[in-house]
Amino acid sequence: MSEKLKVGILGGTGMVGQRFLSLLENHPWFEVTTIAASPRSAGQTYEAAVNGRWKMDTPIPEAVKQIVVKNVNEIESTASEVDFVFSAVDMSKEEIKNIEDAYAKTETPVVSNNSAHRWTPDVPMVVPEINPQHMDLIPYQRKRLGTSRGFVAVKPNCSIQSYAPVLTAWMEFEPYEAVVSTYQAISGAGKTFQDWPQMEGNIIPFISGEEEKSEKEPLRIWGALKDGVIEPAKEPVITSQCIRVPVLNGHTASVFVKFKKKSIEKEQLIEKLAAYSGLPQQLALPSAPKQFIRYLEEDSRPQIAMDVDYENGMGISVGRIRKDTVYDWKFVGLSHNTVRGAAGGAILCAELLKAQGYITKK
């Protein structure tokens, strides 16, 4: 590629914004040229704006240190400098919807990490390996927005990445009911242990809004696109509990599944995981894991300490597949919540959108 696309990060000073910047350093297709944040950060260099608040375990990328942060509310000015934006703003849902639509109406595509637009009927919510065809909603959305180039696309909730891809790989066995418990890292709340010392040695059995997302979002991802609308799948029905645990990065899921097809062997389930891949792998997108899902035979895996960074945080690790006495089968899944589950997943969506021709140079 002769010239990289110019990218803006909305909400670039927060934890997910920082993860975007870390992952986009030396990206072969995209170059961060603009960072926007709240008015209190505007006018400072990025390095100054995050002084004492940088939460990544790698240094601030040199290329962005001296970028002067813009006011995210100065939409025309910010949009004029970029080909598209990633959104990780920290606002109310209504404010997020409004600002993302406003950027899209400047003919600037928005790829969002936020939940605000996940149930907007004509906004695609995509895990690129599972439902890339949902990007076909974009022409309908453009008609509503009155744009020729601008649109909003979103990635789903971070916690579902540790089990929804697994159930997708097993769809031919017709899963119809699942019980899911997720054990979620504190970075999912934008925190480190320095910010949240009360989480050391602690568990909180509630994460606001998380259980509804965990139960409903997979059904939209598995849904069928018909006449510009996604009809959510009816199965598998999911019930969930979501628990905050004292871990920095990595969401673990414990899952029990019932299948309509009963003559299933463990080896078949493992084979389907190993063989599962999608359009990102076919297109060899820059952020795509070569092996999307792997199975670990050891009883003590997957472990966050050993497995959370599998495929640079973009792969899913699965272990402990075994028959259950009440349900048919059970397993444990693990995904990196701020890479695959947040910024990395959004970057992969943007790569797919570029490959599909939806994101181009202005």
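Before reading on, note that the structure itself is shown above.
No experiment lies behind these values; they were computed from the predicted model shown. (Residues numbered from 1 in each chain as written. Predicted model: local features only at pLDDT ≥ 70, side-chain atom pairs only at ≥ 80, totals over all residues. Heavy atoms only, no water.)

## So, the overall build of the protein chain
Link 1 in the chain: Per the secondary structure count, the protein chain includes 12 helices and 14 strands.
Link 2 in the chain: The C-alpha atoms of the protein chain give a radius of gyration of 20 Å, which matches the 21 Å a tight globule of 362 residues would have.
Link 3 in the chain: Along the three orthogonal principal directions, the C-alpha set of the protein chain runs to about 60 × 50 × 40 Å.
Link 4 in the chain: Burial statistics for the protein chain: of 362 residues in total, 58% are counted as buried.
Link 5 in the chain: With the model as given, the accessible surface of the protein chain reaches about 15,100 Å², and the carbon-plus-sulfur share is 48%.
Link 6 in the chain: Taking the 41 positively charged and 44 negatively charged side chains of the protein chain as two groups, their mean positions are separated by 2 Å. (Helix = DSSP H or I, 4+ residues; strand = E, 2+ residues; numbered from the N terminus. Rg over C-alpha atoms; globule rule 2.2 N^0.38 Å. Buried < 20%, exposed > 50% of the residue type's maximum accessible area, 1.4 Å probe, protein only. Areas by Shrake-Rupley, 256 points an atom, 1.4 Å probe, with all protein chains shown as cover. Lys, Arg positive; Asp, Glu negative; His and termini not counted. Charge placed at Lys NZ, Arg CZ, Asp CG, Glu CD.)

## Details of the sheet that holds strand β11 (residues 251–259)
Link 1 in the chain: Reading across the sheet, the 6 strands line up as β10-β7-β11-β14-β13-β12 and stay open at both edges, with mixed pairing between neighbours. With partners counted over all chains shown, the strands left at the sheet margins are β10 (237–244) and β12 (293–296), one partner each. Averaged over neighbouring strand pairs, the angle between their axes works out to 20° when direction is ignored.
Link 2 in the chain: Here strand β7 (residues 175–184) runs beside β11; their pairing, made up of 8 bridges, is antiparallel. If you follow tyrosine 183 over to β11, its bridge partner there is threonine 252. (Pairing = 2+ DSSP bridges. Axes fitted to C-alpha atoms, helices over the stretch in contact; angles between N-to-C directions.)

## Here we look at helix α8 (residues 210–221)
Link 1 in the chain: A rise of 1.5 Å per residue sets the reference length of α8, with its 12 residues, at 16 Å; its end C-alpha atoms lie 16 Å apart and thus fit the reference within 8%.
Link 2 in the chain: Restricting attention to buried positions, one finds in α8 the residues Glu210, Ser214, Glu215, Glu217, Pro218, Leu219, Arg220 and Ile221.
Link 3 in the chain: In this structure, the buried side of α8 is in contact with α7 (164–169), β7, β9 (229–231) and β10. (Expected span 1.5 Å × (residues − 1). Contact = heavy atoms within 4.5 Å.)

## Quick word on the sheet that holds strand β5 (residues 110–112)
Link 1 in the chain: Spatially, 6 strands are ordered β3-β2-β1-β4-β5-β6 in an open sheet, and the strand pairing comes out parallel. Every other strand in the sheet has two partners, leaving β3 (70–71) and β6 (152–154) as the edge strands with one partner each.
Link 2 in the chain: Where strand β4 (residues 84–87) lies against β5, 3 bridges are found, and the strand directions are parallel. The residue of β5 that forms the bridge with phenylalanine 86 is valine 111.

## Regarding unusual backbone geometry
Link 1 in the chain: Across the junction of glutamate 235 and proline 236, the peptide omega takes the value 0°, indicating a cis bond.
Link 2 in the chain: Relative to the elements of secondary structure, proline 236 occurs in the loop between β9 and β10.
Link 3 in the chain: The peptide bond linking arginine 301 to proline 302 adopts the cis configuration, its omega dihedral lying at 5°.
Link 4 in the chain: Summarising the element assignment, proline 302 is placed in the loop between β12 and α11 (304–307).
Link 5 in the chain: A positive phi is found at glutamate 311, a non-glycine position, where the angle reads about 55°.
Link 6 in the chain: If you trace the backbone, glutamate 311 turns up in the loop between α11 and β13 (316–323).

## What to know about the packing of aromatic side chains
Link 1 in the chain: Applying the stated rule across the entire model yields 11 aromatic pairs.
Link 2 in the chain: Ring centres of phenylalanine 151 and tyrosine 358 lie 6.3 Å apart, and the angle between their planes is 70°; this geometry places the pair in the edge-to-face category. Of the two residues, phenylalanine 151 sits in the loop between α6 (138–145) and β6 while tyrosine 358 sits in the segment after α12 (339–355), which places them 207 residues apart along the sequence. Considered together, phenylalanine 151 and tyrosine 358 belong to a single accessibility category, that of buried residues.
Link 3 in the chain: Arranged with centres 6.4 Å apart and planes meeting at 90°, the rings of phenylalanine 173 and phenylalanine 259 form a pair that is edge-to-face. Here phenylalanine 173, found in the loop between α7 and β7, pairs with phenylalanine 259, found in strand β11; they are 86 residues apart in sequence, far enough to count as distant. Judged on exposure class, the residue phenylalanine 173 and its partner phenylalanine 259 are both buried.
Link 4 in the chain: Through a chain of ring-to-ring contacts, the aromatic side chains of Phe20, Trp29, Phe30, Phe84 and Phe86 assemble into a single cluster. (Phe/Tyr/Trp six-rings, centres within 6.5 Å; stacked < 30°, edge-to-face > 60°.)

## A closer look at a negative patch on the surface
Link 1 in the chain: On the surface, Glu265, Glu267, Glu271 and Glu297 cluster together into a patch of negative charge.
Link 2 in the chain: Checked against the element boundaries, glutamate 297 lands in the loop between β12 and α11.
Link 3 in the chain: Given a relative accessible area of 55%, glutamate 297 falls into the exposed group. (Patch = residues over 30% accessible without salt bridge, like charges linked within 9 Å, V, L, I, M, F, W, Y side chains within 5 Å. Salt bridge = Lys/Arg side-chain N within 4 Å of Asp/Glu carboxyl O.)

## Thoughts on the pairing of β7
Link 1 in the chain: For β7 and β10, the ladder comprises 8 bridges, and the chain directions are parallel. What sits directly across from glutamine 184, in β10, is arginine 244.

## A short note on the nonpolar core
Link 1 in the chain: Grouped together as the largest cluster of nonpolar side chains are 53 residues, with contacts concentrated most on Tyr163, Trp170, Trp222, Leu273, Val318, Ile321 and Phe331.
Link 2 in the chain: With sequence-adjacent residues up to four places away left out, isoleucine 321 is seen in contact with Trp170, Lys266, Leu269, Ile270, Leu273, Tyr295, Trp329, Lys330 and Phe331.
Link 3 in the chain: Formed by 46 residues, the second largest nonpolar core is a distinct cluster that contains Val16, Met135, Leu285 and Ile359. (Core = buried A, V, L, I, M, F, W, Y, C linked by side-chain atoms within 4.5 Å.)

## Quick look at the pairing of β11
The side chains of a regular strand alternate between the sheet's two faces.
Link 1 in the chain: Sheet topology note: the β11/strand β14 (residues 329–335) ladder contains 7 bridges and is antiparallel. Bridged to alanine 253 within β14 is glycine 333.

## A closer look at the side chain of threonine 192
Link 1 in the chain: Locating threonine 192 in the fold gives a position in the loop between β7 and α8.
Link 2 in the chain: When near neighbours in sequence (up to four residues on either side) are disregarded, threonine 192 contacts Met15, Lys55, Ile186 and Leu248.

## Details of the pattern of salt bridges
Link 1 in the chain: In total, this model carries 17 salt bridges according to the counting rule given.
Link 2 in the chain: For arginine 144, the salt bridge goes to aspartate 122, with nearest N and O atoms at 2.6 Å. Taken as a pair, arginine 144 in helix α6 and aspartate 122 in the loop between β5 and α6 lie far apart in primary sequence, 22 residues in all.
Link 3 in the chain: What makes arginine 144 partly exposed here is its relative accessible area of 43%.
Link 4 in the chain: Judged by its relative accessible area of 8%, aspartate 122 is buried.
Link 5 in the chain: A salt bridge links aspartate 328 to lysine 262; its shortest N-O distance comes to 2.9 Å. Placement of the pair is aspartate 328 in the loop between β13 and β14 and lysine 262 in the loop between β11 and α9 (266–275), with a sequence separation of 66 residues.

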